Amino acid sequence: MNEAIPDIPTRIRTGLTAGLQTSLKLFKFVLPLYVLVDLLKGTPVIDLLGAQFAPLMALFGLPGEAAFAFVAAFLLNLYAAIAVMAPLDLSPWQVTQCGLMMGIAHNLVLEGGVLRSTGARGGLLTLCRLVLAAVAGLLLSAVHHLWGG
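Residues numbered from 1 in each chain as written. Predicted model: local features only at pLDDT ≥ 70, side-chain atom pairs only at ≥ 80, totals over all residues. Heavy atoms only, no water.

### Details of the nonpolar core
Counting 22 residues, the largest nonpolar core has Met57, Leu62, Phe70, Met85, Cys98 and Met102 as the members making the most contacts within it. Residue assignment for this core shows that the elements contributing at least two residues are α3 (66-75), α4 (78-85) and α5 (92-104). Sequence-distant contacts of methionine 57, defined by excluding residues within four places in its chain, comprise Leu62, Pro63, Gly64, Ala66, Ala67 and Phe70. (Core = buried A, V, L, I, M, F, W, Y, C linked by side-chain atoms within 4.5 Å. Buried < 20%, exposed > 50% of the residue type's maximum accessible area, 1.4 Å probe, protein only. Helix = DSSP H or I, 4+ residues; strand = E, 2+ residues; numbered from the N terminus. Contact = heavy atoms within 4.5 Å.)

Structure below.
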């Protein structure tokens, strides 16, 4: 039971190696998403699709284009959502709003499946997460407006 604790250079080497491997895994899908959204900003695609989502996103004080980040967060993960949000030129408050809502409801497909495999009602819990994210977003938006935002 008593494992020997590695020396400091070994721990540093192990930590740096693990950190680099994790960074490379994230880089593989974050960079392409960022570039894709940045390229799409130069076309009418982002504006056209953003306009479709604008009424819904306006409820939370967000531009319609932020819906792309929510799709990435819901279907993939928060890193993908950040990659999509970065080129959208959101204000600090809008990033906070997205972070709050996405922090509650992210990676829904995978986590819903995991919940279902444990015997929990994955669909119901996923719906609860979406509703809770929307309620939290509406509350934060209301507070923001009360403070003159």
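Picking up after the structure, the text goes on.
### Remarks on the pattern of salt bridges
Oppositely charged side chains are able to pair whenever their charged atoms sit close together. Taken as a whole, this structure holds two salt bridges when the rule is applied. Put simply, aspartate 89 and lysine 41 hold a salt bridge, and the shortest N to O gap is 3.1 Å. One end of the pair, aspartate 89, is in the loop between α4 and α5; the other, lysine 41, is in the loop between α1 (8-40) and α2 (44-58), and 48 residues separate them in sequence. (Salt bridge = Lys/Arg side-chain N within 4 Å of Asp/Glu carboxyl O.)

### Description of the environment of alanine 136
Mapped onto the elements, alanine 136 comes out in helix α7 (residues 122-146). Each C-alpha atom of the pair alanine 136 and phenylalanine 60 lies 9.4 Å from the other, and the pair is 76 residues apart in sequence. Setting aside its immediate chain neighbours within four residues, alanine 136 contacts Leu100 and Ile104.

### A look at the packing of α2 against α3
Between α2 and α3, the least distance of the axes is 8 Å, while the angle of their chain directions is 80°. One element, α2, and the other, α3, form an angle in the roughly perpendicular class. Counted together, Ile46, Leu49, Gly50, Phe53 and Met57 of α2 and Ala66, Ala67, Phe68 and Phe70 of α3 form the full contact between these two elements. (Axes fitted to C-alpha atoms, helices over the stretch in contact; angles between N-to-C directions. Parallel < 35°, antiparallel > 145°, perpendicular 65-115°, else oblique.)

### Here we look at unusual backbone geometry
Positive phi, normally seen in glycine, also occurs at aspartate 89, with a value near 55°. A relative accessible area of 63% means that aspartate 89 is categorised as exposed. A positive phi is found at asparagine 107, a non-glycine position, where the angle reads about 50°. In this structure, asparagine 107 sits in the loop between α5 and α6 (108-117). Overall, asparagine 107 belongs to the buried group, its relative accessible area being 15%.

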